[in-house]
Amino acid sequence: MSNQNNFLESFKSGSKRFATLVADTGAKTMLKTDVAFLERDIKNRKHSFGIQIYDILQSNAKASSSDTVFSASDEIQKAFEECKLDIETLEKKISKKREEMDAIGDHNHHGGGDAGGGDGESASERTAELESGILPDSY
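A few points on the structure. Residue positions are counted from 1 within each chain, in the order its sequence is given. Whole-chain, interface and lining totals are the exception, using all residues; otherwise, since this is a predicted model, local features are given only for residues with pLDDT of at least 70 and side-chain atom pairs are given and counted only at 80 or more. Each side-chain value is derived from all of the structure's non-hydrogen atoms; neither hydrogens nor water enter the calculation.

The next point concerns the overall build of the chain. Looking only at helices and strands, the chain has 3 helices and 0 strands in total. The secondary structure listing takes helices from DSSP runs of H or I that are at least 4 residues long and strands from runs of E that are at least 2 residues long, numbered from the N terminus. Going from N to C terminus, the chain has its helices and strands arranged as α-α-α. Working definition: with a 1.4 Å probe on protein chains only, accessible area under 20% of the residue-type maximum means buried, over 50% means exposed, and in between means partly exposed. Looking at the 139 residues of the chain, the share that counts as buried comes to 22%. Long-range contacts, defined here as pairs at least 24 residues apart, represent 69% of the contacts in the chain between residues at least 6 apart. Areas reported as accessible are Shrake-Rupley estimates using a 1.4 Å probe. Residue values count occlusion only from the protein chains shown. Working note: accessible area of the chain is about 10100 Å², and carbon and sulfur atoms make up 57% of it. What makes two residues a contact is simply this: any of their non-hydrogen atoms within 4.5 Å.

Right, here's the structure in full:
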């Protein structure tokens, strides 16, 4: 009877680790998606900055006085400062998302390294698979 209890406890423990691994993988995937969207937002902001600068230069191209040149320079500098602030804000968000991903990775591996497989899969992941009844390479 004790062997059966040990097996059930082992199975239960493995199932919990496997469920945690699946949940963490889902959270990490969601964070990667968030990073991709934020990177796209940075690209779009740079694109709109270019359009804004073009419009400023185009509207001032017709006038050639030195006052207009200084005005255009001021407008360009203001547009740049706004764009830079927007991009810095987005980059901070990306940095936080990456820190969260790293924290999830640290949580999964508990400081352990790759144990022998060489394929990037950790020993705890292999153990969780084996204890949950999923046999590696059995397709």
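Having put the structure on the table, let's press on.
Take helix α1 (residues 2-61) next. The first and last C-alpha atoms of α1 sit 88 Å apart over 60 residues, in line with the 88 Å expected at 1.5 Å per residue. Within the span of α1, buried status applies to G14, L21, D24, L31, V35, L38, I42, R45, F49, I53, I56 and N60. Take the number of residues in a helix, subtract one, and multiply by 1.5 Å to get its expected span.

A residue counts toward a patch only above 30% relative accessible area and without a salt bridge, and it is joined to like-charged neighbours within 9 Å or, for Val, Leu, Ile, Met, Phe, Trp and Tyr, to nonpolar neighbours within 5 Å. When a carboxyl oxygen of Asp or Glu lies within 4 Å of a side-chain nitrogen of Lys or Arg, that pair is called a salt bridge. Among the surface-exposed residues, F7, L8 and F11 lie close enough to one another that they form a single nonpolar patch of about 320 Å² accessible area. Judged by relative accessible area, which is 37%, F11 ranks as partly exposed.

Moving on, we come to a negative patch on the surface. When charges are tallied, Lys and Arg are placed among the positive residues and Asp and Glu among the negative ones, while His and the ends of the chain are skipped. Charge placement uses NZ in Lys and CZ in Arg. For Asp and Glu, CG and CD serve respectively. On the surface, a cluster of negative charge is made up of E99, E100, D102 and D106. Mapped onto the fold, E100 is located in helix α2 (residues 66-109). Look at E100 and you get partly exposed, because its relative accessible area is 41%.

Our next topic: the nonpolar core. Of all hydrophobic cores here, the largest spans 15 residues; its most connected members are I42, F49, I53, I56, A79 and I94. Looking at this core, the elements with two or more residues in it are α1 and α2. The contact partners of I53, leaving out residues within four places of it in the chain, are I76 and A79. For this analysis, a nonpolar core means a set of buried residues of the types Ala, Val, Leu, Ile, Met, Phe, Trp, Tyr and Cys, connected via side-chain atoms within 4.5 Å.

Turning our eyes to something else, we now look at the pattern of salt bridges. In this structure the tally under the stated criterion is 4 salt bridges. Of the charged contacts, one joins D34 and K97 as a salt bridge, the two residues approaching to 3.2 Å between their closest N and O atoms. Pair noted here: D34 is in helix α1 and K97 is in helix α2, with a separation of 63 residues, a long-range link. In this structure K97 comes out as partly exposed when scored by relative accessible area, which is 22%. Note that D86 and R45 form a salt bridge whose closest N and O atoms lie 2.7 Å from each other. Of the two residues, D86 sits in helix α2 while R45 sits in helix α1, which places them 41 residues apart along the sequence. The exposure class assigned to R45 is buried, which follows from its relative accessible area of 15%.

Once that is clear, we can look at the packing of aromatic side chains. In this analysis, rings of Phe, Tyr and Trp, with Trp reduced to its six-membered ring, are considered paired at centre separations within 6.5 Å, and the interplanar angle assigns stacked below 30 degrees, edge-to-face beyond 60, and tilted for intermediate values. By the definition in use, this model includes 2 aromatic pairs. Taking the centre distance of 6.4 Å and the plane angle of 25° together, the rings of F7 and F11 count as stacked. Taken together, the residues F7 and F11, both in helix α1 and 4 residues apart, mark about one turn of the helix. Note on F7: relative accessible area 56%, which makes it exposed.

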